[in-house]
Structures are given as structure tokens and as C-alpha cells.
Amino acid sequence: MDERTAALIEKLETRHFLTLAEYESLIGYMIEKPASDRAKRTSEDESPTGHQADEAAALLAEKASAVRQRVYGRDVYIRGLIEISNICKNDCYYCGIRRSNHFCERYRLSEQEILECCAQGYELGFRTFVLQGGEDAHFSDELVCRLVGQIKRNHPDCAVTLSLGERSRESYQRMFDAGADRYLLRHETADKAHYEKLHPPQMSFDNRMRCLRDLREIGYQVGCGFMVGSPYQTARTLAEDLKFIDEFHPDMCGIGPFIPHQATPFAKEPAGTVELTCYLLSIIRLIHPNVLLPSTTALGTIDPQGREKGILAGANVVMPNLSPISVRKKYELYDNKICTGDESAQCRHCLEQRMESIGYHVVTDRGDVRGWEDSKQVGYERNA
Ligand code: SF4
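A quick note: this is a predicted structure, and the numbers were derived from the prediction, not measured.

Glancing now at the overall build of the chain. Helix and strand counts for the chain come out as 16 helices and nine strands. Taken over C-alpha atoms, the radius of gyration comes to 20 Å for the chain, in line with the 21 Å a tight globule of 384 residues would show. Taken over the C-alpha atoms alone, the chain extends approximately 65 × 45 × 45 Å along its principal axes. The burial tally for the chain puts 47% of its 384 residues in the buried class. Once local pairs closer than 6 in sequence are excluded, the contacts in the chain between residues at least 24 apart make up 76%.

Attention now moves to the nonpolar core. Side chains that are nonpolar tend, in soluble globular proteins, to be buried together. Core analysis: the biggest nonpolar cluster contains 103 residues, and Met-30, Val-76, Ile-82, Tyr-183, Ile-283 and Ile-284 have the highest contact counts within it. The element contributing the most residues to this core is helix H11 (residues 274-287), with nine residues. Mapped onto the domain boundaries, this core takes at least three residues apiece from domain 1 (3-60) and domain 2 (73-383). Beyond its immediate sequence surroundings of up to four residues, Ile-283 is in contact with Leu-12, Leu-26, Leu-60 and Leu-242.

Below, the discussion takes up the pairing of strand S7 (residues 252-257). Within S7, six of the six residues are buried, which leaves the element mostly enclosed by the surrounding structure. Where burial is concerned, the two faces of S7 agree: the one with Met-252, Gly-254 and Gly-256 and the one with Cys-253, Ile-255 and Pro-257 are both buried. Strand direction decides the pairing type here: strand S6 (residues 221-228) and S7, joined by six bridges, are parallel. Within the sheet, the bridge partner assigned to Val-228 lies in S7 and is Pro-257. Handedness of the crossover joining S6 and S7 through helix H10 (residues 235-248): right-handed.

With that settled, consider the site of the ligand. Lining the immediate environment of the ligand, one finds Cys-88, Asn-90, Cys-92, Cys-95, Ile-97, Arg-98, Gly-134, Glu-135 and Gly-165. Split into classes, the residues belonging to the shell around the ligand amount to four nonpolar, three polar and two charged.

Moving on to helix H5 (residues 111-123). End to end, H5 covers 19 Å across 13 residues, agreeing with the expected 18 Å (1.5 Å per residue, within 8%). By the burial criterion, the buried members of H5 are Ile-114, Cys-117, Cys-118 and Gly-121. For H5, the arc enclosing every buried residue in end-on projection is 95°, short of the 170-degree limit, so these residues lie on one face. Away from its buried face by more than 90 degrees, H5 exposes Gln-112, Ala-119 and Glu-123. Against the buried residues of H5 lie strand S2 (80-85), strand S3 (128-133), helix H6 (141-154) and helix H15 (344-357). Taken from the residues just after H5, Gly-125 is the one with a positive phi, measuring 100°.

Parameters and conventions
Residues numbered from 1 in each chain as written. Predicted model: local features only at pLDDT ≥ 70, side-chain atom pairs only at ≥ 80, totals over all residues. Helix = DSSP H or I, 4+ residues; strand = E, 2+ residues; numbered from the N terminus. Rg over C-alpha atoms; globule rule 2.2 N^0.38 Å. Buried ≥ 20, exposed ≤ 12 C-beta atoms within 10 Å, placed from the backbone. Contact = placed C-beta atoms within 7 Å. Core = buried A, V, L, I, M, F, W, Y, C linked by C-beta atoms within 7 Å. Domains from an automatic or database assignment. Pairing = 2+ DSSP bridges. Right-handed = clockwise from strand over helix to strand, strands pointing away. Near = placed C-beta within 6 Å. Nonpolar A, V, L, I, M, F, W, Y, C, P; charged D, E, K, R; others polar. Expected span 1.5 Å × (residues − 1). Arc of directions from axis to C-beta.

Listed below in C-alpha cells is the structure:
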């Protein structure tokens, strides 16, 4: 690895942020790898070899693991994911359940079904439930608040995370007042021009950012995130994502490889890679040592060992599926999604074994972000 890259990793480890140009350089080091490995490489070519990029990735992973170990030890938090509806009014170009996919068989879970998923999850040791769905008007504030309230009454020691897309500030406030603890809303990309290439004109980058700010101000533990390898993504747009993360200082950050879905405009686009996703997981851990960082199902979809690799790169969360098996296949955001045929208990035990195999332990814990108040203060001081 060259001296400049080693120095950037050192700086990231000690100061927890880089400039936009430095992030771009660090990402470029990994992204340039395939081109530089071609046979026509010349002696003047200063781009990194595959071996050098692997060295940088290994160093980042080593430092990220040490940091994660200091904050969270070898504990891995589990979240019980309940996919409550695959009906969505939006038409994001990358998404398998987008409105225009007429091949998608639509469903909604009833309140009773959702509560049963939580009860089953509780028995299996889950202490966080994530209600995720498309932007489905059926799930009104009134209905979501009733659900959240009931889950909290049934399981007072559990956290409820919502992932229901863009809503008004009033709506977020009502759901928070009803007891919701956390909200996941991937920002998708921090570059407005890139955002507009991934979404139809009816969708607004500014509104998405407004949502994230509102959620933070209301008091949720907030998660943002993006796909790795999405169409039109560059080292520059990824650098903007990292800069956004170091400034917004999210409590959670969901990143996974882009995987094309056959019934979308991006069907023929190449998928993202495990290597770049893990490289970015390590960088994000170094930016924000306390962040809750999932090793995603998408990572497990493109590589059978993907979720283990994500944990070894610095992640500390996995999200087994608690949705009823009858609907699992219908919530297909991308092609060949794994774990669509397994019972919740099987998913839970499979992940537990996978984590044990690499020396990590799934724990029964709400899994809140460590130093929640302190970390907000650090972010405030640094970015003031
Ligand atoms: S990505 Fe989310 S908002 Fe966009 S179409 Fe899919 S479910 Fe709807």
C-alpha cells in the first residue's frame, strides 16, 4: 500500500473524519483495483495493484474490528425484521417492489399477524422489532401508533424500530410519542444529481434529507444508509456519502451491495461487490466507533459468507427475518434474496451459528447505540 493511503487510514483512526477529497482518494484506491490489474499495466501506472488494495482493506478491517471490540466487544445484536407490507406508492428505479412492477404479488400483514410475529420473536430472544414496509397509505399514523403502543405494552423491555419511508414531521412525532424508539431511512445517496438518476422526478432528495433531520430533532435513534455499487455511483458520490455520515452522525447505518432486480429499469446493471461493501463498513466504523452497523442480508445474498465477512470488517448487527413464511418471497427488493423459506427460529439459529463460527456471539439485548448522548455531543462539537 502506498504511504498516502496508509496515512489516510491512520488519520481516520485517530481523528474519525477525512476531507471529501481524502475520502475520495481512499475509496478510489479500492475501486481502481480491477483496472490496474489488467495485463496492460505499465511501469508509469501508479494506480494500486489488487494486492495493495487488499492490504488497505485488511488494515482497515483490523482497525475497525479493534474499535468495534472496544465499544461492543464480540457481541452481535439481532433485530427481528417484520416486513409489514410490500405495497408502495413510489417507483424507485432499483426496487423490486416499486409501484410499476406488476408481477409483484402484493400483501399487507394484519395487526394481529404483526403482533404474533413479535410474540414469536420475543420467545426467540429478540428485543428489537423492526417494522419495515413500502410507503403504504393503509399504515396511517393511527394504525402505526396503535401497533407501536401494543407492542410496547406486550414487550416493555423491547425497542421498536420503524422503517416506513418518508412521512411528515407530525407523523414522525406522533409515532415517537406512541413509543417508537428508532427509525431507519436510507438516504440512498448524498449526491443530489445521483439521487435523481436513481429515482423518478416525483421523488425529492431535499425531502428525504428533511425527513432525516426531523427524525433526529424529534429524538429517534436514526439510521441512514446507501447501496454499494448502485448505478452511476462513483468514488466521488461515495465520498459524499461518507462525508454526510461523518457530519450527520447517524446512530445506525445500513449499507449493502446493490443487487439488480429483474423487473426494474436497472435489471441489467452489475451488482455491487462484497469487497467494496466491507471496505466501506470498516471506514464507517472508524468514522463513528459507536455506530450500529448491520451486516446485511444483501451481503449474504451475493456471497454465502457475506454476513460473516461484514462482521469481520466492523459490523455488529444482523437482522434475521421474522415475517411469516407465506409472505417472505413477496418482499423481494432484489433478485435471489436469501432466507425466504426458513422459519424464524431457523434464521435465528443459523445466524447464531454463523457468528459463533467466527468467534462472535448473538446476544439477547435491545442493542441501543452506546453512548447515545455522548456520541451526539461529539458529532456536535466536531461539526460546529
Ligand atoms: S425503495 Fe422503498 S420507497 Fe422506493 S419503491 Fe421500494 S419500497 Fe418504495
